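Given next are the chains, with one letter for each unit.
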Amino acid sequence: MHERLSFYVKRESALHQLNPLTKLTLVFGLILPAFLVPFYWTPHLLLLLVVFPLAFLGKVQGEYFTAVTKLILPAAGFLFVMQALFIPGGETVLAKLWFLTLTQESLMYAFANAVRIFVMVSSFTLFMLTTHPSELMSDLTQRGLPGQFAYVIIATLQIIPQMQAKASTIIAAQRSRGLDTESSFARRVQALVPLVGPLVFGSLVEVEERAIAIEARGFTSRRPKTSLREIYDRPLDKGLRWLLILIMLASLVSRIWFS
Amino acid sequence: MPIVKLQQVTYHYPFTEKPALQDINLEVEEGEFVAVIGPNGAGKSTLCYTLAGFIPHFYKGELKGIVEVDGVLVQDSDLSDWVLKVGLVFQNPFNQISGAKYTVFEEVAFGLENSGVPRSEIIRRVEEVLQMTGIADLADRSPYSLSGGQQQRVALASILVMQPKVLVLDEPTSQMDPIGTREVFGVIRQMAEQGMTVVMAEHKVEWIAQFADRVIALWEGKIYLEGKPHEVLTDERLVEKGFGVSRYTTTARLALPRGLWQKERPLPVTLEEAVAGFSALRNARRKQG
């Protein structure tokens, strides 16, 4: 079954050592300027001068660039083509293709937008590659996030591969009893009914037992919780967070100021 | 002074007419290992949930009578305090995984984190329990990637690590092979020797005969028989009520009228006892002629 339930890659790096909240702030400290700062080349510069070096700093460049080629580049590329072709306006016509017009303005606009998306998805990818979900949740819980909230997030992350596994078990069970899942489209839609029922109702029944199980482990105890994971919050982290907050504020101000 | 005390306990699940437990009187001494047997639907799981406080705190319905552990009434206690005193391991191992942890080590530590145990002590206790339950080699695996039997060991370890005074187990070895079952019974016996009180619902009568101090036979929500393991497990009345009986007991019971089992010898529950009984008979016959 699924042994790997998170994107986290265990390495020793400066990025891994940062406090989870600092890294989360960093994600937004990259996204906000990329979208808000009016200077045209901001997202491009952020990508080249901050995001790419961060991947190397976190020693996850291999995993990151795999994600770039397989996911981020195709998605951003698609967005670029669509926006370049379909955004109306612009005077400098570069090419005409049947009813589509490619103008210099729409091309530039699409290029910036695609790179913005590139920066956004990249920051989250780097964050997930270098931060263990349990670490993030322990840290946020210790900062006052309710335990139930943290539990729901982690349990949801974990439950997706399990639901997939269970769905394939149910499909196999129903097919072994003659359910047709491979012929016409209408048949396939019909076949969904006996699959979704057991999956959904089975999960609801499980919730009761799961609730008993975590209750039996003192989940609702009012004592202050401790954490197995040791999470560091160094002065560097605090400094970085303040710096990032300033950057976010500055990009917001620049947006309002110059528009 | 018994640590667990049930007096005239009757319980109805919500919207049911028939009581799931009826007039249960039970006292368990500290360090005693009590096994509960019974056919499906006899009330074994309900009894476990009652001892562990999930009745009446989690399942509503109507609970009458006295349920007392360590001098405290269940109604007077919060469930979150009660579970620190009475640990519950139930049957389905998959649903006992918290779902919030990525490794077996973290999973076992979950209960201690919730009860506010300091980090260094968590690590020490988790390591100790993983050794004891024989899953130290699985510490870094995801709990979801394990087999049913391994998950049951994780479930047991997760409760043992919290060091409850009373350990309640509802068929904790249902997905284990015979070797795993023996090991787990051994660990539970050892905990009882160290003073932990154990109440275990279980079908595997051969193991109960070897490890438990007392057996309670439940039938339709009532205590039907109670006593020393061998007396209860070889009682003829169990057969007619549809209890699971050891195949060795059945064999000897069939052999008895044919003169193949010595009349004065008690019926066997385990393989060893059956072998000893049949060999004794053979030796006696050889001597005669």
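Residues numbered from 1 in each chain as written. Chains lettered and ligands numbered in written order. Predicted model: local features only at pLDDT ≥ 70, side-chain atom pairs only at ≥ 80, totals over all residues. Heavy atoms only, no water.

Caption draft 1: Region of interest: the packing of aromatic side chains. Under the criterion given, the structure shown has 24 aromatic pairs over all chains. Measuring from ring centre to ring centre gives 5.0 Å for Trp261 of chain B and Phe278 of chain B, while their planes differ by 75 degrees; the resulting arrangement is edge-to-face. Within this pair, whereas Trp261 of chain B is found in the loop between helix H11 (247-255) and helix H12 (271-288), its partner Phe278 of chain B is found in helix H12, the two being separated by 17 residues in sequence. An aromatic cluster of three or more residues is present, and its members are Tyr11, Tyr13, Tyr49, Phe54, Phe58 and Tyr59 of chain B. Above the plane of the ring of Phe219 of chain A lies Lys225 of chain A, whose end atom (NZ or CZ) is 4.5 Å from the centre. Positioned over the ring face of Trp219 of chain B is Lys241 of chain B, at 4.0 Å from the centre of the ring. (Phe/Tyr/Trp six-rings, centres within 6.5 Å; stacked < 30°, edge-to-face > 60°. Helix = DSSP H or I, 4+ residues; strand = E, 2+ residues; numbered from the N terminus. Lys NZ or Arg CZ within 6 Å of the ring centre and 35° of its normal.)

Caption draft 2: Broad picture of the nonpolar core. Leu6, Phe33, Ile37, Phe54, Leu88, Val108 and Val126 of chain B are the most contacted members of the largest nonpolar core, which has 93 residues in total. In contact with Val126 of chain B, not counting residues within four places along its chain, are Phe105, Val108, Ala109, Leu112 and Val161 of chain B. Ranked by size, the runner-up nonpolar core spans 24 residues in total, among them Leu47, Leu54, Ala55 and Val68 of chain A. (Core = buried A, V, L, I, M, F, W, Y, C linked by side-chain atoms within 4.5 Å. Buried < 20%, exposed > 50% of the residue type's maximum accessible area, 1.4 Å probe, protein only. Contact = heavy atoms within 4.5 Å.)

Caption draft 3: Structural detail: the layout of surface pockets. By volume, the largest pocket is sized at about 980 Å³. Tyr8, Lys10, His132, Glu135 and Arg229 of chain A are, among the 31 residues lining the largest pocket, the residues nearest its centre. Where the lining of the largest pocket is concerned, the elements lending two or more residues are helix H1 (14-17) and helix H2 (20-36) of chain A together with helix H4 (104-114) of chain B. The class makeup of the residues in the lining of the largest pocket is 9 nonpolar, 9 polar and 13 charged. (1 Å grid on protein atoms, 1.4 Å probe; cavity = no way out; pocket = protein on both sides within 12 Å on 5 of 7 lines; lining within 4 Å. Points joined across faces, edges and corners; volume = space filled by probe spheres on them. Nonpolar A, V, L, I, M, F, W, Y, C, P; charged D, E, K, R; others polar.)

Caption draft 4: Spatial organisation of the packing of helix H4 (residues 61-86) of chain A against helix H5 (residues 104-130) of chain A. All names here are of chain A. The N-to-C vectors of H4 and H5 enclose an angle of 155 degrees; their axes lie 9 Å apart at closest approach. The pairing of H4 with H5 is recorded here as roughly antiparallel in orientation. Read as a crossing pair, H4 and H5 show a hand that is right-handed. Classifying every residue of the contact of H4 with H5 gives 19 nonpolar, 5 polar and 1 charged. (Axes fitted to C-alpha atoms, helices over the stretch in contact; angles between N-to-C directions. Parallel < 35°, antiparallel > 145°, perpendicular 65-115°, else oblique. Left-handed = near helix turned anticlockwise from the far one by under 90°.)

Caption draft 5: Fine view of empty space enclosed by the protein. Residue and element names in this part refer to chain A. With the rule as written, the count across this model stands at 3 cavities of 30 Å³ or more. Taken together, Leu15, Lys23, Leu26, Val27, Leu30, Leu54, Ser123, Leu126, Phe127 and Thr130 form the lining of the largest cavity. For the lining of the largest cavity, the residue count by class is 7 nonpolar, 2 polar and 1 charged.

Caption draft 6: Region of interest: the sheet that holds strand E10 (residues 222-227) of chain B. Residue and element names in this part refer to chain B. Across the sheet, 6 strands lie side by side as E6-E7-E8-E3-E9-E10; this open sheet has mixed pairing. Looking at which strands have only one partner, the edges of the open sheet turn out to be strand E6 (86-89) and E10. Averaged over neighbouring strand pairs, the angle between their axes works out to 20 degrees when direction is ignored. As paired strands, strand E7 (residues 166-170) and strand E8 (residues 197-201) are joined by 5 bridges and run parallel to one another. From the neighbouring strand, Val166 faces E8, where its bridge partner is Thr197. Relative to E6, helix H6 (residues 148-160) is tilted by about 170 degrees, and along the sheet it contacts E6 and E7. (Pairing = 2+ DSSP bridges.)

The values reported here are purely geometric and, on their own, carry no functional implication.
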